[in-house]
Amino acid sequence: MLNVKNILVTGGSGFLGTHLVTALSSLGLNVIQYCYDIRDPIELDQDIDVVFHLAAVTSNRVFQEKPHYGYSVNVLSTLNILEFCKKKNALLVFTSTCGVYSSCCSGPIKEDFPIQSRDPYSHSKYLAEQICSYYSNNLSVRCVVLRLFNVFGHGQPDYFLISYLINRAKSGEEILLKSPHSVRDFIYVSDVVQALINAACYKDGEFNIFNIGSGAGIKVIDI
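Residues numbered from 1 in each chain as written. Predicted model: local features only at pLDDT ≥ 70, side-chain atom pairs only at ≥ 80, totals over all residues. Heavy atoms only, no water.

Caption draft 1: Representation of the side chain of Arg 147 in the model. The topology assignment puts Arg 147 in strand β5 (residues 143-148). Note on Arg 147: relative accessible area 3%, which makes it buried. (Helix = DSSP H or I, 4+ residues; strand = E, 2+ residues; numbered from the N terminus. Buried < 20%, exposed > 50% of the residue type's maximum accessible area, 1.4 Å probe, protein only.)

Caption draft 2: Structural context of the sheet that holds strand β2 (residues 30-34). As summarised here, the arrangement of the six strands in space is β2-β1-β3-β4-β5-β8, forming an open sheet in which the pairing is parallel. With one partner strand each, in any of the chains shown, β2 and β8 (207-212) form the two edges of the open sheet. With strand direction ignored, the average angle separating the axes of adjacent strands in the sheet is 20°. Sheet topology places strand β1 (residues 6-10) next to β2; five bridges connect them, and they run parallel. Within the sheet, the bridge partner assigned to Thr 10 lies in β2 and is Tyr 34. Contacting β4 (91-97), β5 and β8, helix α4 (residues 120-139) runs over the sheet at an angle of about 155° to β4. Across the face of the sheet, helix α6 (residues 189-201) comes into contact with β3 (50-53), β4, β5 and β8 while running at roughly 145° to β4. (Pairing = 2+ DSSP bridges. Axes fitted to C-alpha atoms, helices over the stretch in contact; angles between N-to-C directions. Contact = heavy atoms within 4.5 Å.)

Caption draft 3: Molecular detail of the pairing of strand β7 (residues 183-188). Across three bridges, the pairing between strand β6 (residues 150-152) and β7 is parallel. Following the sheet pairing, Val 151 is matched in β7 by Ile 187. For the crossover that starts at β6, traverses helix α5 (residues 161-171) and ends in the parallel β7, the hand is right-handed. Judged from the three bridges that link them, β7 and strand β9 (residues 217-219) form a sheet pairing that is antiparallel. For Arg 184, the partnering residue across the bridge sits in β9 and is Ile 218. (Right-handed = clockwise from strand over helix to strand, strands pointing away.)

So this is what it looks like as structure tokens:
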């Protein structure tokens, strides 16, 4: 059970954030959504127990067109959040991605597998992870990193596979698959929300990384 008073959520209006805020609110918790530019230092007078940092640029197209913007949002914002957590003595739950792992990995992926970011988005998330590690190990900021696999569910943008497939099927448009035989691990959004809440309850150690997936791989063409 999450026994805290005040929770701060960045990216609360996004796909995952909307589901998380709804779940936290249903538990009767006081949830504060941070709606300002997270690239600026965070000023908030209230005491905060837990920060869920979900806000990020997730589209690699944005990174290709505006790399400075993408990296500043994903990396600089994490630094700002960590400084805020240090000031408030708050726990940080940071959402990262399975994309940090090397593409040569086969079979179930463990948290200690080789790192080789596949794209700018994944690279920015790994850089942010490194800042989290430094602040946790050297500045006593408690931090849990969740490397999410392929999350899907209601309200997701259609540049993600399952939303894309559903929308194409409904409209009758042709379905085009870039890598039909690649294997992915899909996990439903409500399960990810539960993992986020569980992470906020985790008390073993200062810095922890967990993979969050279903544990079962499936080919894109089979989806």
